[in-house]
Each structure stands twice: as C-alpha cells, then as structure tokens.
Amino acid sequence: MGGIRKFKYGKKNFGKKKHESESRDGVRGNYVDLVKESAGFEKYYKAQNIIPESEWNSFLEALRRDLPTAFRISACNEKEAEILLDIVEGNFFKGLINPDDPEEQKKLPFCLPWYPQRLGWQVPISRKDIRRSETYFRLHNFLMSETDSGNISRQEVVSMIPPLVLDVQPHHKVLDMCAAPGSKTAQLIEMMHSQDKLPSGVVIANDIDNSRCYMLVHQAKRLNSPCTLITNHDASVMPNIYITNSDGETEVMKYDRILCDVPCTGDGTLRKNPDIWKKWNAVNGNNLHGVQQRIVKRAAELLTVGGRIVYSTCSLNPVENEAVMHRIIAESEGALELQDISSSLPGLKYSPGISSWVLTSKEIDVYTDFEQVPEAITTQIRPHMFPPKPEDAEKFHLNRCIRVLPHHQDTGGFFIAVLKKLAPLPWESPKSSGGSTVDVPGEVENSKHNGPQPKRRRIQGYREDPFVFFKEDEPVWPLIKDFYELKPELPLDCLLTRCHVGKRKNIYFVSPAIRNIIDKNQDKVKLINAGVKVFARCDNKNVNCCFRLAQEGLNSISQYIGDCRRVSICKSDLLTLLTVDDPKHPPETTTLDPATQRRLEAVSHGSCVLEYRGEDNLNLDLVGWRGSCSLRAYVSQPDCVHFLRLLGGDTSMFDKNKFKKEDEMKEESSEIRITVKEEMEIKEEESKDEVVTSSAGDTTDHKSEQNT
C-alpha cells in the first residue's frame, strides 16, 4: 500500500533488540512488544466520529492484535485455479491443526465472501506465527512456492478491494499511478489475462521511487505478462503517453481505468506496522492532502470520458479521504461523480463515507471552520480541506465512499472511492479529452505562465537499457525461425532485446499495444521494464540453434511453435521429469513410456515444448531439453513444485523445515531420492521386458497383464 512510503523513520538498530528465550514447543520468541497506544490518535479519531462510541473499544482492541494472513489464487488460468482451490478447501490445511481442539479449529482458513470465484482467502494466523512455528512450516512452504510461481499472491485483505471495484476488462488501458510494491498491480494483470492469453489491453504500472520500481518488475515477472509496462515518474505530473491510432495518426493515449492508491499516513496499517503508534501525528494528514489531490486531479486529466478512477488509501483520516474527494468533485464542476459500489462487494462489512469532519492542529485543537484557524498554521490547514456546507453535502454523494475498519472483519483499515468521468474537465478542451495530439491542458497552462520557466525534473535512478525491436534483417532470427518452425503469424516486430550491440543474450516478447507505446515514448518517458523472456542464449555445439525456449514466455508464443519441436508426454513421464530435477543426471529416454520414446525420435537435440493434455482438461506446456539419450524439464523449482501439485504428485522432497537440523533434512531428502531412483529402475526393467515380449509376438497379452 502507499501509506508508509512518504515518511522515512530512520534506520532501526535491530542488533540491540533481544529475543525472548525459545519455547519448548519450537515457537521462536518475539521482539520486545511495542506500546500500542497513542493519546493523540484516540482524541483525534473520537473527534472525527468515524467510529460509533459503542464500537470504540472493539476498534482499539483489533488495532492492537497482529494482522491475519491472507492470500488470493491467481485467476489467469481457470483450470489451475480450480485445482489450487481444491487443495485449499481439501485436507491440506486440516492436517496442520488439532481437530479435537476448538481453539485450533478457529485457525482454519476461510473464503472471503465478497471475492469472486472463492479465490480470496484469509488464515486467522499472523505471518509472524506462520514463520516462527514448526507446526505451520508446510503452510509456509506452500504459500512461498506458489507465490514464487505466480499462482498465489499473499496480500492483505483490504488491499484486494480497489482492483476489484476498478472493473478491469481485457481490452482496457489501465494505469496504476502509485503502484509499488505491486500487489494491486499483480491483481490488475490477472484480471487483464482472465479471459485471454494475449489481451489487447495494457497495464502501465508507475511509481515515483526508482528503487521501488524494481519491486514492480519482480511482481510483473511472476505473472509473465507481455501486456505490462513499468514507468518511473511523479504521479502528480505523469507525462502524456503517445500512441499511433488505427488511422496511422499520433494521439495522446487516454486510459479506461486508473488506480490511485496514493501516498498516505498509513494509520490503517497499525496492525502490521506498530511503530506508527509512537510516530502518529495529526498534522501528517494535513500535509499530504495536497499531494493526494494533485495525483487524483492528474488521473482525471488522463482518463477518457466514461472511464473510472479508484482512489484508495490505507489511512482512516477523512482529511486524506473524503476531503480529497470533495475537493476534486467541486473543481470538476459535475464532470466527476462518485459511484455506488455497495452491490459489487456482497458480504463486505464497511462504513459509508462521511460528509462532516474537523481539522486539527498538532495539539489536537479542533477547528470546524477556516476562520477559526490561527494565522500561524494557515499554510498547513487550507479552506478546501473543510467539509461541504450541510445544504450542499448531498450533491457530492460522499456516502458512496466506503471505509473498512479493523474490527469489522479482522482486517486492516482502508478507504475506497470510485469516480466516473461524465464529461471533459472544465480546464480540458473537448479535443484533448478525446485523445488528440494536443497535450493535456493542465500541462499547457503550466508551460505558458508568466515569469521564469520551471526547471525540468531530472530523471533519477539508473539509465535503463534501450528497447531494441527486431527487424526483418535481424541476424539471429532466421536460425531461430527455422529451428522452431515458427509460424508467420508471430509478430516479429514484437520481439526485442535490451542492447544495441554485442551478443543477444535474451529475447523478449511484448504485445502489439505495448510495442506501440514503447515505439512512441522511449525518448520521452522513463521506461523501466516491459515484456516476457521467450528465448535465452544457450550456446551448445551439439544443437543447431543457440537459443533455447524460456518457460516465462512460453504461454505467449507456444501457439506459434511448429510440431517439430513439440513432444506429447503422458502424466507418468511428466511426473518422472519433474521429480528428478538434477540437471547432471536427467532421466534417460529408455525409462520413459514407449509412446514418448517414439515421439522423441522425430525431435532433434535441443530445446523443445513438452505438451501434457490431461483427461481432466488440465493442459500444460513446459520447456524441455532433448539430449542425446535423455530428456529433462527445463523449469524453475517453484514452477516444478507447482506442476507437481497440479498433477497430484509428491512435493515432500522440496519441503524445507528450517526447524530441523541440516543433517536430518539431508537424510530425509536422500531417502526420497532413493525411492524415486528405485521407481525409475523398476520402470526401466518393465520397459525392457515389454520390448522382449513384443519381439516374441505377445505384446497384447503382456499389456493386458500390466493393466490387470
């Protein structure tokens, strides 16, 4: 969330903190507990009346408890999501608790009623307890491995709400203005790909902090989307993006959906950031109001008419929430309107937005009108921060905002508002709002003011490598095209590298829409990352092509790869390849199913696609490597564990129990590997027996005996 990025609290000296002694049950001790109270916080929020008096004690008690763990299952692949959901709803979690203990039963995960398709889940155990208790090490491994493979995202419950109400469709142009660390961006990407492997829409994820942009890169790489672009700009002055339209003309790109998860004081995250208690200050919200308003105003300028903005904060403060909405709606003169989203979130408990609030000083002196504000602090408290007059309040529909409080359903605190653009803004010309080549008027006006011109903002951070798209005369292309028998439908101009000179190490693929954006804006906008890796250099004298396929981008280009590099594989063989993961000792082809061996005879050495088509509609494409007498699956360990789970295979050999000594772990791992090796040897002997019997003319009888 955006809440804690604004303030730098200095380096924490963890070395001075002492752990409590480790308990006998294996649970590690905690750090010395922080004092979770603030007199100023309590006085301020009692004055705001956002929590009913009857709920006040429940509110404070919830804030002082650790935050439960939550996760959601990726919706990119419907069948894979269905299998993971079966695992979550099955016996996996039930085996972690004592069924005879009523208190332990309360720790079972439960589905979030308002999250679509039962894909959002909450576990009533804190992340700290999961990490520190041996009881939950398998749960920890499950969440970690599936997160690394991009099929589960660990995300706070309330953080899941803004992307849902944004209502993203595969053809939309989507902008996440303050995207880092990227959990909501990942959710937007999943929604974009929920119906199509290569949607026509785009997700542009932006953040002002250059170092945090690389956290976005990490999130995007988990989901392997060719439709995502990461930029590094101040959201309040986000530059125009230019594209070539269907008529071949250049125009400003307008967005269909914009997410503004703006920087905030973050007091809704007290449960996971308890150090905010001692640093909380009423003035912080006042100071951030201007930044928040400028970001949502710029979002409104970039939005197409009929488009939707979701404004969210992890703060409870109305000055950062309703006051910002009131101000932008008033300035828009009817062009923006708050939307009622209550029906979009069935089962979610929340409080409606308020139309009356107060401003305070650092000492919590209360002001209900700007005339009451002392002159010394009129630069901190401005007239537009105050609520609308009672007679005007109804026309702003501030009650359509929603505020989720920690005690409502054992979550963090959050604020969400949805704006719809009904008409061009008063300071926009009709031409610019339709997406013309004219700059957004707000920028034009700023450039024409009297006096000295403002200095151009210096782009911070590293100088990014260029995006170099392939052309027809690309030297390495004929070799790759012929080796993989790539179909002509694969758009060559959507392949790129990140260097002008030297050896091509990695080749990336982007969607045509992203290619259009990069082509027009590479010299104007700071682009950090785009595309998925589809080919990686792999020099091997025994192979006719020096580029192998990359698992990350296989789903994007698999449909274009010819039959000469495809191997249909059965379930038992795929389980064998995934279980024996040692690249120095891959399974020999003679141990595989005879049908697989016959298919491999038509495939030359090198990278290939392993196709699994299950009877249960589970379809998997994996990168494989065909050796002279062996075959292996060329996938990462997280992907390997994920595929094994989908196939119902044994993943225990990959479990890591950090509470056990290293020698014990090695012994268990070696036992598992010996078992796997024995199974392979048995299968090899059976295969040899089958060949001998077949030569004697008794193939049918032998197969019947095997089936029996």
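These numbers were taken from a predicted model, which means no experiment stands behind them.

*Asks:* An account of the pattern of salt bridges is requested, with residue identities and associated values reported.
*Replies:* All told, the structure shown has 29 salt bridges when counted by the stated rule. The partner of Arg298 in a salt bridge is Glu301, and the shortest N-O contact between them spans 2.9 Å. Residue Arg298 and its partner Glu301 are located together in helix α11 (residues 282–302), separated by three residues, close to a single helical turn. Since its relative accessible area comes to 3%, Arg298 is described here as buried. Owing to a relative accessible area of 6%, Glu301 belongs among the buried residues under this scheme. Two residues, Glu331 and Arg327, come together in a salt bridge whose shortest N-O distance is 3.4 Å. Remark: Arg327 and Glu331 occur in helix α12 (residues 322–332); sequence separation between them is four residues, near one turn of the helix.

*Asks:* Talk me through unusual backbone geometry; I want residue IDs and the actual numbers.
*Replies:* Put simply, Ala180 and Pro181 share a cis peptide bond, and its omega is 10°. Along the polypeptide, Pro181 turns up in the loop between β5 (173–176) and α8 (183–192). A positive phi is found at Gln117, a non-glycine position, where the angle reads about 60°. Examined against the element boundaries, Gln117 turns out to sit in the loop between β2 (110–111) and β3 (120–126). The class for Gln117 is exposed, based on a relative accessible area of 58%. Positive phi, normally seen in glycine, also occurs at His397, with a value near 55°. Among the structural elements, His397 can be located in the loop between β15 (366–367) and β16 (402–404). On the basis of relative accessibility, which here comes to 23%, the residue His397 falls in the partly exposed class.

*Asks:* Pulling in residues and values, what's your account of the sheet that holds strand β22 (residues 532–537)?
*Replies:* The pairing of strands in a sheet comes from backbone hydrogen bonds and takes either a parallel or an antiparallel form. Spatially, β18-β19-β20-β22-β23 is the arrangement adopted by the five strands of the open sheet, whose pairing is antiparallel. Edge strands, defined here as strands with exactly one partner in the open sheet, are β18 (468–469) and β23 (547–549).

*Asks:* So what's going on with the nonpolar core? Residues and values would help.
*Replies:* Judged by nonpolar contacts, the single largest core of 106 residues is most densely connected at Met177, Ile258, Met325, Ile480 and Phe535. When residues in this core are grouped by element, the largest group, six residues, is from α11. Here this core spans two domains, and each of domain 2 (158–354 + 387–421) and domain 3 (563–659) adds at least three residues to it. Residues Ile73, Ala186, Ile230 and Val310 belong to the second largest nonpolar core, which totals 60 residues.

*Asks:* Describe the confidence of the model for the protein chain, with residues and values.
*Replies:* For the protein chain, the mean per-residue pLDDT works out to 85, and 83% of the residues sit at or above 70. Segment residues 671–677: pLDDT under 50, and six contacts once partners within four positions in sequence are set aside and those in other chains are kept.

*Asks:* How would you summarise α11 if you had to cite specific residues and measurements?
*Replies:* A rise of 1.5 Å per residue sets the reference length of α11, with its 21 residues, at 30 Å; its end C-alpha atoms lie 32 Å apart and thus fit the reference within 8%. Of all the 21 residues making up α11, 16 are buried; the element is thus mostly covered by neighbouring parts of the structure. Between a side-chain oxygen at the N-terminus of α11 and the backbone nitrogen of Val283 the separation is 2.9 Å; the capping residue is Asn281.

*Asks:* Talk me through the pairing of β22; I want residue IDs and the actual numbers.
*Replies:* Pairing geometry for strand β20 (residues 506–509) and β22, over four bridges, is antiparallel. Residue pairing across strands places Phe509 opposite Val532, the latter belonging to β22. Taken together, the three bridges between β22 and β23 define a ladder with antiparallel strand orientation. Paired with Arg537 across the two strands is Phe547, which belongs to β23.

Analysis parameters
Residues numbered from 1 in each chain as written. Predicted model: local features only at pLDDT ≥ 70, side-chain atom pairs only at ≥ 80, totals over all residues. Heavy atoms only, no water. Salt bridge = Lys/Arg side-chain N within 4 Å of Asp/Glu carboxyl O. Helix = DSSP H or I, 4+ residues; strand = E, 2+ residues; numbered from the N terminus. Buried < 20%, exposed > 50% of the residue type's maximum accessible area, 1.4 Å probe, protein only. Pairing = 2+ DSSP bridges. Core = buried A, V, L, I, M, F, W, Y, C linked by side-chain atoms within 4.5 Å. Domains from an automatic or database assignment. pLDDT = per-residue confidence, 0-100. Contact = heavy atoms within 4.5 Å. Expected span 1.5 Å × (residues − 1). Polar contact = N/O pair within 3.5 Å; in protein donor to acceptor, adjacent residues only side chain to side chain.

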